[in-house]
Each structure stands twice: as structure tokens, then as C-alpha cells.
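Results of the structural survey
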Amino acid sequence: MKRPHFSLKSLQKEELIKLLIEKCPEFAEGENFQENKRKSNKNNEREFDSSAYESKMVALKVAYFGFSYQGFASQTGLLNIFNERKIASNTSDTVEDHIFRALIRTRLILDPSTCNYSRCGRTDAGVSSTGQVIALRLRTSNKKASCSSDSDGIDYVNVLNKQLPDDIRILDWAYVPDDFSARFSCSSRLYHYYFSKIHFDQATKTMVDLDIGKMKEAAKLLVGVHDFRNFCKRDPSKPQQSFVREIIDCYIEEVNNFGGFYKFSCKGSAFLYHQIRCIMSILFMIGMKAEPVDLVKAMLERIESKENGITPGPLVHYEIASGIPLTLHECLYEKNGSSPIEWTLKSHSSTLSSHFHRLWETKQSEAMIIKGLVQPEASLNSPKVSNIFKKLLEVSK
């Protein structure tokens, strides 16, 4: 005898519940059934015994695009994130926060209170890096009772990148000595700042054709040991801070394959708060011919000659340049002719290269769309575009 056919859609709510209980009696236990089941599964999970594993000091090379982050350094702290304490939503979106969460999810940190975490440098909101370095004690693949070597250890790059957002990537890793500090073991830091020769001045809201030659002259004057208090933002929490820093090298060059774009490179042992962005503000003013090249020398000498009766204070007021074009390009560890870091990969894997190409292609497409509005019918170096810019410059004057 055939069973009568009926549609579930024709049943009322009470009839559906009755049918469900008849076919699946466990649902009669009420709303707590699924919760009890989850708890049961959790209890049956094998707990990870982190104390059974060895740990070593590891340096990680990090790249990130800081456009959408509130800077690099965590405002929450590794220990608070590890302990899952309540975190304010407006203080937990930094690059470091995402790295901490990835380290915790992958159980690479055995004890956050003794992992000896250090970072090479802090970058502001919007600033990027292609060579930031952090160091901390991480779990290895070896168990303490095991006699095997760690030559085929954990692939920290692959493991962590699976847990990180698209705009944050671990590029390389290396075992380092126990006393290694990403900050204090660093011998120098190299920053890059990108800008267009046809520059949009934020203060005047006009386009200006920069004098690159004058900017190069001014950049050379920054090389050496100087008091840079006129080229930084004061930190009120450090009233006794020394403003003396050494700039090892400093120059401007055109970026290949990007007509009209230039790169300011600045290498120094350490930098003050907003120092590169303040320097760029002054260089832009000189490039726009609003100030002479000698302004750089005057700003340095005013401080260094204050004992001769010159009142300390700014010679010129200026807005700090945008952080978006700034990148911490590389952190260098070269002391006494050797480096404590022997990077494992030394070059990007095909996976990383493909990942960055995808991001580049997307951003380049966005740039081309905007570029079409700037110069809709001609190439950058064509006479037509040159005339357009000349007219714009005349109007802005």
C-alpha cells in the first residue's frame, strides 16, 4: 500500500513541530540540545599541550599596506588579546593586532608574558611597509622529549599568511639569538616617500609643477648628525627627549616606468615622530618655490646655535605631509660587517608573488580609471597634456 503523499508546505507550525519530534525525539529535549551537543564535542577535543613543545627566538619580516589601519603598533597589547579580554572596537584595528591574533590562533605563542616580543619601528595610520621586522619566541615543531632536529620545522610564512588579511603578509623568517631585539639590534632604517612632479598642494588646493632640482639640493643638506626638532612633531610624553639623529643617506630619484613620479629615499639610524613627513612638507615648499633651498640649513642651524642668543622656535609653519605615500622600505641589521639574521627564503615564493600581483593589478586598474579623468584623451607626456597642465598652473596662480 502506498503512503499518502503530502507537502510540508501545507502543514502549520504546530504540525511541523509535532512531526519533527516524532521523527527526531532528541529535539524534544528543548533549546539546550544543540548547546549541550557543542559542549560535549568541545570536551571530547584533545587539548593542545603547548608546554610539550620547544620554543626559539624568531624574526619575521612583515609587509603591510597601512591605508585602512590605525597604525602598526597595537593599542591593546598581546597579553590582553591572548587572554581574550574585552577590547574597545576603536582601539583594535592595527596591523599588530591582526598579527597577534594570527599567532594566537595558530598556537605559535606558548606564553605571551615571556615571548620577548619586539618590533623594529612604529608606523602611523595610513603608512605602509615592505620590510618591517618583529621578533619573538615561537613554538617549534619539536617536542621537548623528541631528539629530532628542527631543520624541517614550521613554515611560519605559510601558516601565518593563511590567518592574515590580504593587505598583511609575512615575507620571511629566521631563527635569531636569544638576546636579539628587532628594535635595538637594528643598525638603520630606510624609508621611501612617493610623489608626483605635478603635485597637488593640500594647503592651497592647487596643482603645482615641482622644481625637482631644488628639492634634490635641499635633501642633500639633511645628511649628517643634526638636531631635527624643527623637522618632527613634538611628543609631550617625552619632555627630555633628544632630537639629535643621524641621516646616513638622503636623495630623490625618478621612479622607472612611472613617468612623472619620484621617490624620496631617506636612510637613518633612527627617526623622530613624523620626521619623514615633516621633511617632505619642507621639500614640497621648496619644490613649489615658496621657500629657498637654504631654509633647510637655516632650520638646522637655528637650533644648533641657540646658545648664541637665537631664540628656539620654528622659522616657518607648515602642515605635515600625508602618510599614504610613505613606506618603511627596509630594516637593516648590519653591525661590525655581519648580520644576526640569516633569512630563510631570501626571495618571495610564487604564492606571495601571485598574491602581490593580484593586489597590484587591482590598484593599477583603480589608478587607470582615475587617470582617465585627469587626462582623458592623451598620454602623460603628450603636448596636449602638457598644455592642459600649463593652463591649470596659470589658473592656480
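Small disclaimer: the values here were computed from a predicted structure and weren't measured.

Before going further, it helps to examine the overall build of the chain. When helices and strands are counted, the chain shows 10 helices and 11 strands. Counting over 397 residues, the chain shows a buried share of 37%. Contacts in the chain between residues at least 24 apart in sequence constitute 71% of all its contacts with a sequence separation of at least 6. When the accessible surface of the chain is totalled, it reaches about 24000 Å², and 52% of it is carbon and sulfur.

So, on to the environment of Gln70. Tracing the backbone through its elements, the reader meets Gln70 in the loop between strand 1 (53–64) and helix 3 (78–82). Each C-alpha atom of the pair Gln70 and Gly126 lies 7.0 Å from the other, and the pair is 56 residues apart in sequence.

In this section: the packing of aromatic side chains. Tallied over the entire structure, the rule returns 12 aromatic pairs. Note on Phe65 and Phe67: the rings are 6.3 Å apart at their centroids and 25° apart in plane angle, and the pair reads as stacked. Residue Phe65 is classed as partly exposed on the basis of its relative accessible area of 27%. Consider the rings of Tyr156 and Trp173, whose centres lie 5.0 Å apart with planes at 80°: the pair is edge-to-face. Taken as a pair, Tyr156 in helix 5 (residues 156–161) and Trp173 in strand 4 (residues 168–175) lie far apart in primary sequence, 17 residues in all. Just as Tyr156 is buried, Trp173 falls in that class too.

Within the element layout of this structure, Arg169 appears in strand 4. Of the polar contacts made by the side chain of Arg169, one reaches the backbone oxygen of Pro165; its length is 2.9 Å. With sequence-adjacent residues up to four places away left out, Arg169 is seen in contact with Lys61, Val62, Ala63, Asn161, Leu164, Leu352, His355 and Phe356.

Looking at where His199 falls in the secondary structure, it is placed in strand 6 (residues 198–201). Excluding anything up to four places from it in sequence, His199 contacts Thr206, Met207, Val208, Leu210, Phe284 and Met288.

Under the counting rule described, the total for this entry stands at nine salt bridges. Residues Asp209 and Lys197 are paired through a salt bridge, measuring 2.5 Å at the closest nitrogen-oxygen approach. With a gap of 12 residues between them, Asp209 in strand 7 (residues 206–209) and Lys197 in the loop between strand 5 (188–196) and strand 6 connect regions that are remote in the sequence. Using a relative accessible area of 27% as the deciding quantity, one classes Lys197 as partly exposed. Look at the salt bridges and you will find they share partners, linking Asp166, Arg169 and Arg358 into a network.

Soluble, globular proteins show a tendency: their nonpolar side chains are buried together. Counting 53 residues, the largest nonpolar core has Phe195, Phe231, Phe264, Ile282 and Tyr333 as its most contacted members. Ranked by residues supplied to this core, first place goes to helix 7 (residues 275–287) with eight residues. What Tyr333 contacts, discounting residues up to four positions off in sequence, is Cys120, Val133, Phe180, Ser181, Ala182, Ser185, Cys186, Ser187, Ser338, Ser339, Pro340 and Ile341. Ranked by size, the runner-up nonpolar core spans 32 residues in total, among them Tyr64, Tyr69, Ile109 and Cys115.

This part is about a nonpolar patch on the surface. The grouping of Tyr194, Phe258, Phe261 and Trp360 at the surface amounts to a nonpolar patch, some 390 Å² of accessible area in total. Mapped onto the elements, Phe261 comes out in strand 10 (residues 261–268).

You can see Leu283 is positioned in helix 7. Considering only alpha carbons, one finds Leu283 and Lys216, 67 residues apart in sequence, at a separation of 8.6 Å. The residues contacting Leu283, other than those within four sequence positions of it, are Met215, Ala218, Ala219, Ile252 and Phe264.

This part is about helix 9 (residues 350–374). Taking 1.5 Å of rise per residue, the 25 residues of helix 9 would be expected to cover 36 Å, and the 35 Å separating its terminal C-alpha atoms lies within 8% of that figure. Packing partners of the buried residues in helix 9 comprise strand 1, helix 5 and strand 4.

Of the voids in this model, the second largest pocket is the one considered here, and its volume is about 920 Å³. In this structure, the second largest pocket is lined by 32 residues; those nearest its centre are Gly121, Arg122, Phe271, Leu272 and Tyr273. Every element with two or more residues in the lining of the second largest pocket is listed here: strand 5 and helix 7. Of the residues forming the lining of the second largest pocket, the biggest block, three residues, is contributed by helix 7. Each residue belonging to the lining of the second largest pocket can be placed in one class, and the counts come to 14 nonpolar, nine polar and nine charged.

The next point concerns the confidence of the model for the chain. For the chain, the average pLDDT comes to 82, and 77% of its residues sit at 70 or higher. Contacts of residues 376–382 to residues separated by more than four positions or lying in other chains number eight contacts, the stretch itself having pLDDT below 50.

A separate point is unusual backbone geometry. Phi angles above zero are rare outside glycine, and Arg107 is one such case at about 55°. Counting through the fold element by element, Arg107 comes out in the loop between helix 4 (95–105) and strand 2 (118–119). The exposure class of Arg107 is partly exposed, given its relative accessible area of 44%. The phi dihedral of Lys205 is positive, around 55°, even though this residue is not glycine. Along the chain, the position of Lys205 falls in the loop between strand 6 and strand 7.

Thresholds, definitions, all that
- Residues numbered from 1 in each chain as written.
- Predicted model: local features only at pLDDT ≥ 70, side-chain atom pairs only at ≥ 80, totals over all residues.
- Heavy atoms only, no water.
- Helix = DSSP H or I, 4+ residues; strand = E, 2+ residues; numbered from the N terminus.
- Buried < 20%, exposed > 50% of the residue type's maximum accessible area, 1.4 Å probe, protein only.
- Contact = heavy atoms within 4.5 Å.
- Areas by Shrake-Rupley, 256 points an atom, 1.4 Å probe, with all protein chains shown as cover.
- Phe/Tyr/Trp six-rings, centres within 6.5 Å; stacked < 30°, edge-to-face > 60°.
- Polar contact = N/O pair within 3.5 Å; in protein donor to acceptor, adjacent residues only side chain to side chain.
- Salt bridge = Lys/Arg side-chain N within 4 Å of Asp/Glu carboxyl O.
- Core = buried A, V, L, I, M, F, W, Y, C linked by side-chain atoms within 4.5 Å.
- Patch = residues over 30% accessible without salt bridge, like charges linked within 9 Å, V, L, I, M, F, W, Y side chains within 5 Å.
- Expected span 1.5 Å × (residues − 1).
- 1 Å grid on protein atoms, 1.4 Å probe; cavity = no way out; pocket = protein on both sides within 12 Å on 5 of 7 lines; lining within 4 Å.
- Points joined across faces, edges and corners; volume = space filled by probe spheres on them.
- Nonpolar A, V, L, I, M, F, W, Y, C, P; charged D, E, K, R; others polar.
- pLDDT = per-residue confidence, 0-100.

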